[in-house]
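# What the coordinates show
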Amino acid sequence: MVRPAAPVLLLCGYYGEHNLGDDALLQVLVSSLPQPQQLLITARDPAPVLALAPSAQTVKRRSLLLCLRAALRADMLVLGGGSLLQDSTSFSSLVYYLLLMAVARFGGAEVVLWGQGLGPLQRPISRVLVRTVLPFCKAASWRDQRSFDLARHWAPKLSMVVAADPVWQMPAHPWIGGDAIVLSWRPTPLLDRSGWRRLTAALDLLSAELEAPVIWLAFHEHQDAPLLQHLSEEGLLPERLKARSSTLVPHSLEAVCELVQRARLVLPMRLHALILARLANCPMAALSYDPKVEAAAAMASVPCIHLTALPSVDGLLNLWRAEVDRPADPDQTEQLRRQASAHTDLLNRMEADVR
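Attention now goes to empty space enclosed by the protein. Per the counting criterion, the structure on display carries 2 cavities of 30 Å³ or more. Here the largest cavity is characterised by a volume of approximately 70 Å³. Taken together, Arg 143, Asp 144, Ala 164, Asp 165, Trp 168, Leu 271, Lys 292, Ala 295, Ala 296 and Met 299 make up the lining of the largest cavity. Considering every element that reaches the lining of the largest cavity, the biggest residue donor is helix 13 (residues 291-299), with 4 residues. Of the voids in this model, the second largest cavity is the one considered here, and its volume is about 50 Å³. In terms of lining, the second largest cavity is formed by Leu 183, Trp 185, Trp 216, Leu 217, Ala 218, Asp 224, Ala 225, Leu 227, Leu 228 and Thr 247. Of all the secondary-structure elements, those providing two or more residues to the lining of the second largest cavity are strand 9 (214-217) and helix 9 (227-233).

See the structure below:
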């Protein structure tokens with residue numbers, strides 16, 4: 001097959017699923033690519049993807065056949081951001097990405113893992129499959145040390161770097177301050193009724209003390225937007241807090257940045273909500289449902305509590321109260337932005353090799 005003059009790059013990720021975290025990853029990834037190139041991007045809904053990359057062609061990400069055909073066309077396959085090589089979402093998701101990697105390599109494409117986390121891999125067969133396919137890659141950039149160390153053990157010849165999540169490369173903004181408490185909470189099996197009651201009771205006390213409105217930021221529209229109403233219907237939301245609360249579904253990353261810049265406190269569970277808020281140097285305290293959130297919080301010196309180890313209502317209240325109106329150190333934020341550029345540097349080196 002004759003290759004076109006401009007290399008064909010297939011960007012594969014959780015794109016077009018109305019998750020602003022993945023939109024942020026795609027925005028950074030596309031802006032990192034040198035020109036010229038032909039872009040193919042997997043997407044469920046093409047509209048938000050094409051808004052970020054108007055010259056790209058999209059491929060239905062939920063059609064394995066179409067994605068495999070695209071992999072055979074590509075000069076380079078980039079698995080762009082997130083934790084795609086994991087089986088906690090589903091085993092079939094892991095197999096999907098591994099098949100793409102294997103078929104792309106069979107077709108002569110270079111395979112690059114960009115801004116990835118490795119795992120969790122809960123099944124023995126998952127670990128066997130990843131160990132088998134990982135050496136097919138040309139290079140990998142990891143967003144945490146644990147993933148880097150595991151990949152180094154399984155594929156010692158793979159060219160790799162580790163750096164802060166690629167979304168840290170987005171522009172930083174000054175914290176302005178305002179009156180709101182902003183949440184980026186998600187449904188999670190880690191919280192039972194008692195856990196949700198503890199969180200909402202502490203939030204009720206803090207919002208009353210500050211006389212602050214509470215904005216429930218639906219970072220992943222389909223998962224997060226119903227949460228406030230669901231908690232209310234289940235009797236897990238104090239009436240006073242309900243009266244102060246509203247759900248906001250942002251339709252752009254800019255809208256998120258404008259919102260968090262004016263928050264007195266941001267309480268994120270979502271990884272990329274944490275990062276975008278810290279890029280605005282916001283006061284914050286994180287809640288972790290996943291090691292990736294804890295890792296990012298530690299990098300940014302953000303207080304973080306795992307959902308399986310919630311303190312008492314008073315403990316939560318005291319922690320959150322201590323962070324209100326305490327913005328981040330802009331120098332530390334800038335240091336994370338510079339560190340995250342290692343993802344772009346590796347990608348540019350790999351992309352130059354296919355020309």
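Once that is clear, we can look at the sheet that holds strand 8 (residues 180-184). Pairing in this open sheet of 4 strands is parallel, and the strands run 10-9-8-11 from one edge to the other. Here the strands that pair on one side only, and so sit at the sheet edges, are strand 10 (245-248) and strand 11 (263-268). In this sheet, adjacent strand axes meet at a mean angle of 25° when their direction is disregarded. In this structure, strand 9 lies alongside strand 10, joined through 4 bridges in parallel fashion. In the strand pairing of strand 10, Leu 217 is matched with Leu 248. Contacts between helix 7 (residues 193-210) and the sheet are confined to strand 8, strand 9 and strand 11, with strand 8 contributing the most and set at about 155° to the helix.

A separate point is the nonpolar core. Membership of the largest hydrophobic core comes to 91 residues, with the highest contact counts inside it found for Leu 11, Trp 185, Leu 199, Leu 203, Trp 216 and Trp 320. Dropping the residues within four chain positions of it, Leu 203 is found in contact with Ile 181, Leu 183, Trp 185, Val 214, Trp 216, Leu 241, Leu 267 and Trp 320. Ranked by size, the runner-up nonpolar core spans 39 residues in total, among them Val 8, Leu 40, Leu 77 and Leu 158.

Generally, phi is negative for residues other than glycine and the peptide bonds are trans, each holding for most cases. Cis geometry marks the peptide bond from Gly 119 to Pro 120; its omega dihedral reads 5°. Counting through the fold element by element, Pro 120 comes out in the loop between strand 5 (110-118) and helix 5 (124-133). Backbone geometry places Glu 211, a non-glycine residue, at a positive phi of 55°. Among the secondary structure elements, Glu 211 is positioned in the loop between helix 7 and strand 9. With a relative accessible area of 63%, Glu 211 lands in the exposed category. Although it is not a glycine, Ser 301 sits at a positive phi angle of roughly 55°. By the secondary structure assignment, Ser 301 is in the loop between helix 13 and strand 13 (304-306).

Calculation criteria
- Residues numbered from 1 in each chain as written.
- Predicted model: local features only at pLDDT ≥ 70, side-chain atom pairs only at ≥ 80, totals over all residues.
- Heavy atoms only, no water.
- 1 Å grid on protein atoms, 1.4 Å probe; cavity = no way out; pocket = protein on both sides within 12 Å on 5 of 7 lines; lining within 4 Å.
- Points joined across faces, edges and corners; volume = space filled by probe spheres on them.
- Helix = DSSP H or I, 4+ residues; strand = E, 2+ residues; numbered from the N terminus.
- Pairing = 2+ DSSP bridges.
- Axes fitted to C-alpha atoms, helices over the stretch in contact; angles between N-to-C directions.
- Contact = heavy atoms within 4.5 Å.
- Core = buried A, V, L, I, M, F, W, Y, C linked by side-chain atoms within 4.5 Å.
- Buried < 20%, exposed > 50% of the residue type's maximum accessible area, 1.4 Å probe, protein only.

Read these as geometric descriptors, not functional statements.
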